[in-house]
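# Report on the structure
Next come the chains, spelled out residue by residue.
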Amino acid sequence: MKSSLSWGTQTEKICRENPHIEFFMYHYIRDHDTHDNEVTRDLSVSPQLFDSHMWKIENLSKSGKITLMNWNDFIESIRTNCFTKSPVWIFTADDGWSDMHDMLVPIATKHRVPFFLGITTEFVGKKWFITLKDLKELSENPLVSLASHSLDHKDNSKLSEVEEEKQVCDSKDWLEKETGKIVDTY
């Protein structure tokens with residue numbers, strides 16, 4: 001299988017059990033606001049610091065010390081149980097904040113770092129969140145994979161099976177309809 005990404009300098013794949021895979025999640029890419037509560041403040045990373053993270057990750061990938069994969073390549077590697085020799089790093093961000101479009105994706109793209117973005121569909125177009133136009137633009141970026149992150153961010157552990165199914169399926173259907181892309185992950 002040929003990857004749509006360069007996979008760093010290390011393109012040889014091996015099939016093995018228990019590959020080394022790490023997930024990293026970013027929430028907000030923005031300067032700290034003095035009005036933020038403790039949780040919001042702790043989930044924020046300044047654009048300058050994020051850029052330095054992405055620069056370091058780009059260099060680790062180029063040197064073959066890690067492998068960066070987009071979501072489709074990652075799922076295919078799981079299906080075949082074939083990965084590169086180096087550890088696989090997957091990057092995610094949640095909710096659909098406007099900084100995904102304004103800061104996170106432009107900086108990550110500059111450094112060729114793929115991201116998996118979980119979108120809460122009822123937040124699209126609301127204050128502080130991405131617009132539908134921005135979502136469609138993000139969906140065209142080859143380094144971006146979209147996932148449903150529910151309709152309205154309710155706690156799934158407190159929902160009935162029917163309500164949870166609605167959160168998963170309706171948000172997936174909405175994302176697919178609006179972007180024209182297959183969304184197969186929640």
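My aim in this report is to walk through the structure given alongside it, one point at a time. Everything quoted here is computed from the prediction, not taken from an experiment.

What follows concerns the pairing of strand β7 (residues 88-93). Of all the six residues making up β7, six are buried; the element is thus mostly covered by neighbouring parts of the structure. Burial of the side chains of β7 extends over both faces: Val88, Ile90 and Thr92 are buried on one face and Trp89, Phe91 and Ala93 on the other. Across two bridges, strand β5 (residues 67-68) lies against β7 in parallel orientation. By the bridge assignment for β7, Leu68 is matched with Trp89. Across two bridges, β7 lies against strand β8 (residues 115-119) in parallel orientation. Its bridge partner lying in β8, Thr92 is registered against Phe116. You can see the chain leave β7, run along helix α4 (residues 98-110) and come back into β8, and the turn it takes is right-handed.

Calculation rules
Residues numbered from 1 in each chain as written. Predicted model: local features only at pLDDT ≥ 70, side-chain atom pairs only at ≥ 80, totals over all residues. Heavy atoms only, no water. Buried < 20%, exposed > 50% of the residue type's maximum accessible area, 1.4 Å probe, protein only. Helix = DSSP H or I, 4+ residues; strand = E, 2+ residues; numbered from the N terminus. Pairing = 2+ DSSP bridges. Right-handed = clockwise from strand over helix to strand, strands pointing away.

Purely spatial values, then, with no claim about function.
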